[in-house]
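Now for the letters of each chain:
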Amino acid sequence: MKLLDREFYNRDSLLVAQDLLGKVLVHEIGGQRISAKIVETEAYMGVEDKAAHSYGGKRTPRVEVMYGGPGYAYVFLIYGMYNCFNVVTREQGTPQAVLVRAVEPLEGVDVMAQSRFQLTCRQLSKSQTKGLTNGPGKLCKALAIDKRLNGEDLCGSRLYIEEGGPGNFTIVSAKRVGIDYAEEAKEFYWRFYIKDNQYVSVK
DNA sequence: TTGTCGATGTTCT
DNA sequence: GAACATCGACAAC
């Protein structure tokens, strides 16, 4: 399967966020492939976006990776408990990113079930299966993504994104989630998801 | 089914 | 000391 190259990420987050839908996020751990289809994303447009960590050109140790160039992972801890996984976009010095909000499990589902609930895939209840990866904190737990992967090169061989199948779907755009502090920016339709996919976090 | 609420710890002021 | 790109428990209906 074809790996997304550096140039794919070297564009505005609004484009990358939409193009990432249907693509496959892969984490290789000890030779085991854990993979999932991306079904929901949010664009963070950097310096001009009041919801972005890099708003106004803010530059702190945490957000430094967003300034480093396209195709790297930006992973941060939120609410003291959950990690969020982002893809850095745009050229070096322009700090944009795309938050991956939800994915649909493909390979290594037993590993995901173990990480989230200490159960095998077969033992999951219906609601546990549905809730396995339908949120930014949940998918990080399921795919074993944490702060150690902050700055990881997505054009490498450990954590990467590849072309999905030919899948046919409709993209829905909606307001972003959990950014009530962002004044007018919270009204922007910068969240994108695959219509009718059951793993989308908020319809 | 909907809602409200608190956990938890890093980061920045 | 405050804020935070979330989640799950639990109550009320």
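Above this text you will find the structure in question.
The numbers attached to residues start from 1 for each chain and follow its sequence in the written order. Whichever chain is written first becomes A and whichever ligand is written first becomes 1, with later ones labelled in order. Predicted model: local features are reported for residues with pLDDT of at least 70 only, side-chain atom pairs are reported and counted for 80 or more only, and whole-chain, interface and lining totals are derived from all residues. For side-chain calculations, the full set of non-hydrogen atoms in the structure is used, while hydrogens and water are omitted.

1. Concerning the protein's contact with DNA strand B
Stated precisely, the cut-off is as follows: Here, proximity means that at least one heavy atom of the residue falls within 4 Å of the molecule or strand. Pairing of N or O atoms within 3.5 Å defines a polar contact, subject to two protein rules: one partner must be a possible hydrogen donor and the other a possible acceptor, and residues neighboring in sequence count only if both atoms are side-chain atoms. We call Asp, Glu, Lys and Arg charged. Ala, Val, Leu, Ile, Met, Phe, Trp, Tyr, Cys and Pro are nonpolar, and the rest, Gly among them, are polar.
In the neighbourhood of DNA strand B, the contacting residues comprise Thr60, Pro61, Arg62, Leu77, Tyr79, Gly80, Met81 and Lys147. Sugar and phosphate atoms represent 63% of those atoms of DNA strand B found within 4 Å of the protein. At 2.3 Å, a backbone N or O of Tyr79 approaches a base oxygen of DNA strand B. Take Gly80: an N or O atom from its main chain is 3.4 Å from a base nitrogen of DNA strand B. Here the residues of the surface near DNA strand B sort into four nonpolar, two polar and two charged.

2. Overview of the side chain of Asn197
Selection criterion: Think of it this way: any DSSP run of H or I at least four residues long counts as a helix, any run of E at least two long counts as a strand, and we number them from the N terminus. When accessible area is computed with a 1.4 Å probe and restricted to protein chains, residues below 20% of their type maximum are described as buried, those above 50% as exposed, and intermediate ones as partly exposed. Contacts: residue pairs with any heavy atoms within 4.5 Å of one another.
Tracing the sequence through the fold places Asn197 in the segment after β8 (191-194). Judged by its relative accessible area of 9%, Asn197 is buried. Setting aside residues no more than four positions away along its own chain, Asn197 makes contact with Lys37, Val39, Glu104 and Lys203.

3. Some remarks on the side chain of Ser35
For Ser35, the location among the structural elements is in strand β2 (residues 32-44). Within the structure, Ser35 has its side chain in polar contact with the side chain of Glu107 (distance 2.6 Å).

4. Considerations on the protein's contact with DNA strand C
Around DNA strand C sit 18 residues in total, of which His53, Asn86, Gly137, Lys138 and Tyr181 are the nearest. Taken together, the sugar and phosphate atoms account for 60% of what DNA strand C places within 4 Å of the protein. In the model, a sugar or linking oxygen of DNA strand C is placed 3.3 Å from a nitrogen or oxygen of the Tyr82 side chain. Gly137 has a polar backbone atom sitting 2.9 Å from a phosphate oxygen of DNA strand C. At the level of elements, β3 (73-78), β4 (82-89), β5 (96-107) and α5 (136-142) are the ones that each hand at least two residues to the surface near DNA strand C. When residues in the surface near DNA strand C are grouped by element, the largest group, three residues, is from α5. Broken down by class, the residue content of the surface near DNA strand C amounts to ten nonpolar, five polar and three charged.

5. So, the nonpolar core
Counted only if it meets this: The criterion is simple. A nonpolar core is a set of buried Ala, Val, Leu, Ile, Met, Phe, Trp, Tyr and Cys residues joined through side-chain atoms within 4.5 Å.
Core analysis: the biggest nonpolar cluster contains 42 residues, and Leu20, Leu25, Ile38, Phe85, Ile145, Leu159 and Ile161 have the highest contact counts within it. Looking at this core, the element that brings in the most residues is β2, giving five residues. If we skip the residues at most four places from it in the chain, Ile161 touches Leu3, Leu4, Tyr9, Leu20, Lys23, Val24, Leu25, Ile38, Val87 and Leu154. Ala51, Val63, Val65 and Cys84 belong to the second largest nonpolar core, which has 16 residues in total.

These values are about where atoms sit, not about what they do.
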